[in-house]
Amino acid sequence: MYNSILNKIKEYDSITIFRHQRPDGDCMFSALALHSFIRDNFKEKTVKIAGNDEYDIITKKDRISDAYIRRSLAIVVDTATAERVDDNRFMEADFIIKIDHHPAIDDYGDINYVNSKAAATCEIMADMFRSKEFSSFVVSKKTCRYLYCGMITDTLNFKTTNTTYHTLDTASYLAKTGDLKISDLVEYVMNVDLDTFQKLSKIRSYFKVKEKFGYILLNKKQLDQIGIGAAEAKSHIDEIGNIDELKIWAFAVENNGMYDCSVRSKRGYIINAICSKYHGGGHSNAAAVKQIEKSSLDHLFSELIELSTK
Ligand SMILES: [Mn+2]
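Presented here is an overview of the structure given in this document. (Residues numbered from 1 in each chain as written. Predicted model: local features only at pLDDT ≥ 70, side-chain atom pairs only at ≥ 80, totals over all residues. Heavy atoms only, no water.)

A short note on helix α7 (residues 182–190)
Counting along an α-helix, one turn takes 3.6 residues, and residues three or four places apart therefore face a common direction.
Then, in step 1: Those residues of α7 that sit buried are L185, V186 and V189. The buried residues of α7 occupy an angular sector of 100° when the element is viewed end-on, so they sit on one face.
Then, in step 2: Packing partners of the buried residues in α7 comprise α2 (25–41) and α5 (141–155). (Buried < 20%, exposed > 50% of the residue type's maximum accessible area, 1.4 Å probe, protein only. Helix = DSSP H or I, 4+ residues; strand = E, 2+ residues; numbered from the N terminus. Arc of directions from axis to C-beta. Contact = heavy atoms within 4.5 Å.)

Quick word on unusual backbone geometry
With the exception of glycine, the majority of residues adopt a negative phi angle, and the majority of peptide bonds are in the trans configuration.
Then, in step 1: One non-glycine residue with positive phi stands out, namely R22, at about 45°.
Then, in step 2: Within the fold, R22 resides in the loop between β1 (14–18) and α2.
Then, in step 3: On the accessibility criterion, R22 (35% relative accessible area) is partly exposed.
Then, in step 4: Of note, E211 is a non-glycine position whose phi angle comes to about 55°, a positive value.
Then, in step 5: Its place among the elements puts E211 in the loop between β6 (208–210) and β7 (213–218).

Some points on the coordination of the manganese ion
Then, in step 1: At the metal site, the manganese ion is ligated by D26 (OD), D78 (OD), H101 (NE2) and D154 (OD), and these contacts range over 2.2 to 2.3 Å.
Then, in step 2: Each donor residue of the manganese ion belongs to the same chain, with the gaps between them written as D-x51-D-x22-H-x52-D. Remark: H101 occurs in the loop between β4 (95–100) and β5 (111–114) and D26 occurs in helix α2; sequence separation between them is 75 residues. In this structure, D26 and H101 share a single accessibility class: buried. (Donors = N, O, S within 2.8 Å, 3.2 Å for Na, K, Ca; no water.)

Overview of the sheet that holds β7
Remark on secondary structure: sheet strands pair via backbone hydrogen bonds, oriented parallel or antiparallel.
Then, in step 1: Spatially, six strands are ordered β6-β7-β8-β9-β11-β10 in an open sheet, and the strand pairing comes out mixed. Each edge of the open sheet is held by one strand with a lone partner, namely β6 and β10 (281–283). With direction set aside, neighbouring strand axes in the sheet form an average angle of 20°.
Then, in step 2: Note that β10 and strand β11 (residues 286–292) share three bridges and pair antiparallel. Opposite G282, over in β11, you have A287 as the bridge partner.
Then, in step 3: Of the strands in this sheet, β6, β7, β8 (248–255), β9 (258–265) and β11 are in contact with helix α12 (residues 294–308), which crosses β7 at around 165°. (Pairing = 2+ DSSP bridges. Axes fitted to C-alpha atoms, helices over the stretch in contact; angles between N-to-C directions.)

Below is the structure:
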């Protein structure tokens, strides 16, 4: 696998890195890490990052012509399905490599490097960079920093259910190789500003509990009153993620007259199967659905409430 990926990177002069819509930290930082790795080791190649949606603390998007993409090797990171890719021109690339840690429901790559046991795409990418096959290449401090930042965003600083010995071993490798200032990086990706903190206080006042299921549901009017966008509000689901009594929790927002909802759960409470009934998906303990009717959202919540009692 590593050799076939490496050979493709060697083969192409033009590389385009793609990521998913509304990128999170793991997605953004794995794209940046790959970009920096290719820059450091293949100076004669051009490498660009596609995608229009921004990630709040750091973003990079290049203007890329159709012709460039057609002659490119496309490497798509952290994206489970083809329809989630931010910029569907990736399908026109000459060759496609998928690198991801979501359950493999869509093998849209010509090479699919998927490890759903990894806590983050950055963890997989670090595996590749430290492999025997890649051993003659430089893994710079900057690359290590990006990978570490991606890992802490997806694992909430190493506390999600998918954090393993291997996750920490990878983090340790990155900390050593990159000479990382760990607390500075945690501050950089995890701190919130005062305005956000005050909005979060208002958001928390909408928190409700049914059985062992806790949720926040905000309609358009409530979002406007708080002064926060639907996607941004929902990204704060981890605010309700540390409650002893709860097995499952969700954050739903009205968005264009429909509802988007993120769901999280404790180990043993498998939620992606339920979310997939509503055309959503994700990991066993972190999943989401998008653009469903209020009545479907009510059904989803009933299923989650029932599961939470088991
Ligand atoms: Mn991820």
